[in-house]
Each structure stands twice: as structure tokens, then as C-alpha cells.
Amino acid sequence: MPSELFKKAFRVAQDYDVSTPENSIVLYSVSFLPTKENRENAFNYVKSHPERMMIEHTDCGAKLVEMGLLSSDCGLSNDEISDIWSIASKRFIEAAKGDVVAFVKGADPRSVFRTQELPSILNNEHISTINGENKFNFAKKFSK
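Here goes a summary of the coordinates provided.

Procedures and definitions
Residues numbered from 1 in each chain as written. Predicted model: local features only at pLDDT ≥ 70, side-chain atom pairs only at ≥ 80, totals over all residues. Heavy atoms only, no water. Buried < 20%, exposed > 50% of the residue type's maximum accessible area, 1.4 Å probe, protein only. Helix = DSSP H or I, 4+ residues; strand = E, 2+ residues; numbered from the N terminus. Pairing = 2+ DSSP bridges. Right-handed = clockwise from strand over helix to strand, strands pointing away. Phe/Tyr/Trp six-rings, centres within 6.5 Å; stacked < 30°, edge-to-face > 60°. 1 Å grid on protein atoms, 1.4 Å probe; cavity = no way out; pocket = protein on both sides within 12 Å on 5 of 7 lines; lining within 4 Å. Points joined across faces, edges and corners; volume = space filled by probe spheres on them. Nonpolar A, V, L, I, M, F, W, Y, C, P; charged D, E, K, R; others polar.

What follows deals with the pairing of strand E2 (residues 98–103). Within E2, five of the six residues are buried, which leaves it mostly tucked inside the rest of the structure. Note: strand E1 (residues 25–28) against E2, four bridges, orientation parallel. Bridge pairing in E2 links Ile-25 to Val-100. Strand direction decides the pairing type here: E2 and strand E3 (residues 127–130), joined by two bridges, are parallel. What sits directly across from Gly-98, in E3, is Ile-127. Handedness of the crossover is the feature at issue here: the chain leaves E2, passes through helix H5 (residues 112–123), returns alongside E3, and the resulting connection is right-handed.

Structure representation (C-alpha cells):
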């Protein structure tokens, strides 16, 4: 039986606002990686490009962070946390338009980026590029 925190986080991931201005999305991948380097690089990029936004800057992401869903210290398992962020990330990408900036060096095949975000980007007709490159060409870097 899912915990109350999981149920509440699930509702937040499904319902809270994930919208962003065109050409503003910044993504990063840290799932299953030994360091948080991609996340740190993304945050540093956004600091120097204040017109850009990560999911944490949306109402949905900010609420999930407030609820402690950046680590399993919140009482949820890593799998539960990943499930919640996957839902939010998929919605985040589906609502996006324009160019996406992605810090995804070494993205694991099991990561939210590889399993949810990249497929959603490829299916979103309103996104044409990742890091200034055609999104389909960029995606080839992650083909097995």
C-alpha cells in the first residue's frame, strides 16, 4: 500500500503546473550515475542564464523539492522517487516548446532522461533541437 507521502507526491506530479516559456527548458541526468555533476552543471548554467528553467523552477518541481523528493531521506524508496519525477518530467517535456538545453553526459539507459524525457522530446513537435542540434541527431548518441 503506497504511503501518504507517495500519494501526495503522485498527485503533485500529475496536477501541479509544469509550464515554461518557449526556449527555456534545461534538463539534466543524474539517475544511476556516481556523481551529481550534470545537475551541478545545469544549475550553474541556469544561474548565468536566468531566462532558463529546470523542472525545479516550476510549481510542480518546487513542491516536490519542498516535499523532500531529491533523496530517499524523505522516506520513499529511490524507485518511488524516480516514478514520481518520471511523471512530472514527462509532463514538463510535453508542455515544452523550442530549444532544450540538456546536461546528460553519460546518461544511464535506466535514467529518467533516457526512459521518459528523451522519448517525450522526440514525440513533441514543438521541440526541434537539443543543445542547438536537431533532436533526432542528438538522440542517436544514446542508441545502443
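The next subject is the packing of aromatic side chains. This structure, assessed with the given rule, holds five aromatic pairs. Measuring from ring centre to ring centre gives 6.4 Å for Tyr-28 and Phe-43, while their planes differ by 45 degrees; the resulting arrangement is tilted. Placement of Tyr-28 in strand E1 and of Phe-43 in helix H2 (residues 37–48) is noted, with a sequence separation of 15 residues between them. Classification of Phe-43 by relative accessible area gives partly exposed; the value is 24%. Ring-pair connections join several aromatic residues into one group, and the members of that group are Phe-113, Phe-138 and Phe-142.

Estimates place the volume of the largest pocket at around 700 Å³. Contributing to the lining of the largest pocket are 25 residues, with Val-30, Ser-31, Lys-36, Ile-81 and Trp-85 lying nearest its centre. Counting only elements with at least two residues in the lining of the largest pocket, the list comes to E1, helix H4 (78–94) and H5. Sorting elements by how many residues they give to the lining of the largest pocket places H4 first, with seven residues. Residues of the lining of the largest pocket, tallied by class, amount to 13 nonpolar, seven polar and five charged.

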